[in-house]
Amino acid sequence: MKQKFFMLLMFSMTMFLSAQQVKILNLDKPDVTFRGLSPVDNFVVWVSGSKGTVGVSYNGLKTVNWVSPPGFESRDFRAIAALDPQTAIVIAVGSPGIILKTKDGGSTWKEVYHDSDPAVFMDDIDFAEYNPKLGMVVGDPINGEPYVLKTVDAGDTWTRMPASDLPVFALDEAFFAASNSNIKLLDETTFLAVTGGKYSHIMYNTKPAVKVPLPKTDSPTSGANGMDYYPLDNFGLIVGGDYLKPSSSENNLFIFELKDMRTPVISAPEVPPTGYKSGVAIQSGTTAISCGLTGVDITTDKGKTWKSLTGTGYHTCKKARNGKKIYLAGDGGRIGHLLQ
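Residues numbered from 1 in each chain as written. Predicted model: local features only at pLDDT ≥ 70, side-chain atom pairs only at ≥ 80, totals over all residues. Heavy atoms only, no water.

1. Thoughts on the pattern of salt bridges
Heads up, the condition is: A carboxyl oxygen of Asp or Glu within 4 Å of a side-chain nitrogen of Lys or Arg is what we treat as a salt bridge. Strands are runs of DSSP state E lasting at least two residues, helices are runs of H or I lasting at least four, and both sets are numbered from the N terminus onward. Using a 1.4 Å probe on the protein chains alone, a residue whose accessible area is under 20% of its type maximum counts as buried, one over 50% counts as exposed, and one in between counts as partly exposed.
The full count for this structure, using the stated rule, is seven salt bridges. In this structure, the salt-bridge partner of lysine 51 is aspartate 31, at a minimum N-O distance of 3.1 Å. Of this pair, lysine 51 sits in the loop between strand E3 (45-49) and strand E4 (53-57) while aspartate 31 sits in the loop between strand E1 (21-26) and strand E2 (34-39), and the two are 20 residues apart along the sequence. Taking the relative accessible area as the measure of exposure, lysine 51 reaches 45% and is therefore partly exposed.

Quick look at the structure:
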């Protein structure tokens, strides 16, 4: 009886995994690299990337409205946050640091923040799920001080948070603008973030801030690239590796939970995903996907074991804020979704 039950269980898991596929939905912009991705629900999806490109779809990427802000064709919009079907905010990496906002589906754009400091490099943006007026932007440290912006009016205005309220960065530690997934905003003053470089940490910005080190390397191109956290099950995943060694699976994923809802506790998977990973999206308390240059992997046991879904590379993957569908985006204008 036990043997029969085990065989049925294995058959069910095999059928579930075989049903998982990543399907390419759009290739309108083959000369664009997408790293910004923000699905509002199962059908409304915003994307952003190189050459100042921004797009929005209202039908699950059957068609895309390309609504790129005029005059920013040389900028790389590596992160985007959609607050609703018509409202989105994009950040441009590099200097000058620029944040743009649209309230009409991309018909018009307004510059809501500008920083001319030649050292500025903004990496990611996130808004609290329970409060769309509350958002944060993280950037690489300047002169050793953290660079974090905060908004309380849905991105209409931004202020820089005092360094005294933020975690301290080590030398050669920064964020990677790889997948629009460095930060997870939890409430008005608390966020989770992951850093990379020679020193890599997961940061929990309580008071005082908590930093948990990830394995140290001597490579500035290694470390954490992205993260996701599922509060309902206190389940988080960190992805990374070394993007100059895309086939290496060394230190490419960590599982974490918040002990006493304060201190991140890190563990390694039993079977890691394949190769360097830049993005991760948790779909439920057990299921998630990770993506990178060498393909997409899936877990159905809270990150303990991973199975390859495709060798086609993607930079970023995100679950719909108000839905279960997972979308992906990457090089060659490639945008897809997890087909279930």
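From this point on, the discussion continues.
2. A short note on the layout of surface pockets
Definition in use: The way it works is a 1 Å grid over only the protein atoms, where trapped points that fit a 1.4 Å probe form a cavity and open points with protein on both sides within 12 Å along at least five of seven lines form a pocket, and then any residue with an atom within 4 Å of a point lines it. Grid points are joined across faces, edges and corners, and a volume is the space filled by probe spheres set on the points. Gly falls in the polar group here, along with every residue not listed as nonpolar (Ala, Val, Leu, Ile, Met, Phe, Trp, Tyr, Cys, Pro) or charged (Asp, Glu, Lys, Arg).
Here the largest pocket is characterised by a volume of approximately 700 Å³. For the largest pocket, the lining is made up of 35 residues, of which Glu129, Lys184, Asp228, Lys319 and Arg321 are closest to its centre. Tallied by class, residues from the lining of the largest pocket come to 22 nonpolar, four polar and nine charged. Roughly 240 Å³ of internal volume is contained in the second largest pocket. Of all the elements in the fold, those that place two or more residues in the lining of the second largest pocket are strand E20 (222-230) and strand E21 (235-242).

3. As for the confidence of the model for the chain
Parts of the model with low pLDDT should not have their predicted coordinates read in detail. Where we set the bar: As a per-residue quantity, pLDDT reports the predictor's confidence and falls between 0 and 100. Throughout, a residue-residue contact means that at least one pair of heavy atoms, one from each residue, lies within 4.5 Å.
Mean pLDDT over the chain stands at 91; residues scoring 70 or higher make up 93%. Low confidence marks residues 4-18, where pLDDT is under 50. Its contacts with residues over four positions away, or in another chain, come to six contacts.

4. Some words on the pairing of strand E28 (residues 316-319)
Using the following cut-off: At least two bridges found by DSSP between two strands are what make those strands a pair.
Looking at chain direction, E28 and strand E29 (residues 326-329) are connected through four bridges and run antiparallel. In the sheet register, lysine 318 faces E29, and the bridge partner there is tyrosine 327. In sequence, E28 turns back onto E29 through a hairpin of six residues.

5. Section: a nonpolar patch on the surface
As a reminder, the rule being used: Nonpolar side chains (Val, Leu, Ile, Met, Phe, Trp, Tyr) are joined into patches within 5 Å and like charges within 9 Å, using only residues with over 30% relative accessible area and no salt bridge. Accessible surface is estimated by sampling points in the Shrake-Rupley manner with a 1.4 Å probe; for residues, cover comes only from the protein chains shown.
Together, Tyr243, Leu244 and Leu293 make up an exposed nonpolar region whose accessible area comes to about 290 Å². With respect to the helices, strands and loops of the structure, leucine 293 is situated in the loop between strand E25 (288-292) and strand E26 (295-299). Under the relative-accessibility criterion, leucine 293 is labelled partly exposed at 37%.

6. Re the pairing of E26
The element E26 is largely enclosed, with a buried count of five among its five residues. Relative to E26, E25 runs antiparallel, the two being bridged by five bridges. Residue pairing across strands places glycine 292 opposite glycine 295, the latter belonging to E26. Following E25, the chain reverses through two residues before pairing antiparallel with E26. Where E26 lies against strand E27 (residues 307-310), three bridges are found, and the strand directions are antiparallel. Paired with valine 296 across the strands is threonine 310, a residue of E27.

7. So, the nonpolar core
Defined as follows: Buried Ala, Val, Leu, Ile, Met, Phe, Trp, Tyr and Cys residues form a nonpolar core when they are joined through side-chain atoms within 4.5 Å.
Ile99, Met122, Ile125, Val137, Leu149 and Trp158 are the most contacted members of the largest nonpolar core, which totals 18 residues. Secondary structure elements with two or more residues in this core: strand E6 (79-82), strand E7 (88-92), strand E9 (110-115), strand E10 (122-127), strand E11 (135-142) and strand E12 (145-151). Residue contributions to this core peak at three residues, all from E10. In contact with valine 137, not counting residues within four places along its chain, are Ile91, Ile99, Met122, Asp124, Ile125, Tyr147, Val148, Leu149 and Trp158. Core analysis: the second largest hydrophobic core is formed by 16 residues, Val67, Ile80, Val90 and Leu100 among them.

8. Side note on empty space enclosed by the protein
Inspection of the entire model under this criterion finds one cavity of 30 Å³ or more. One number sums up the size of the largest cavity: a volume of about 40 Å³. As for the largest cavity, its lining consists of Val138, Pro146, Val148, Leu166, Pro167, Phe169, Phe175, Phe191, Ala193 and Met203. Residue assignment for the lining of the largest cavity shows that the elements contributing at least two residues are E12 and strand E16 (191-194). In terms of residue class, the lining of the largest cavity is made up of ten nonpolar, no polar and no charged.

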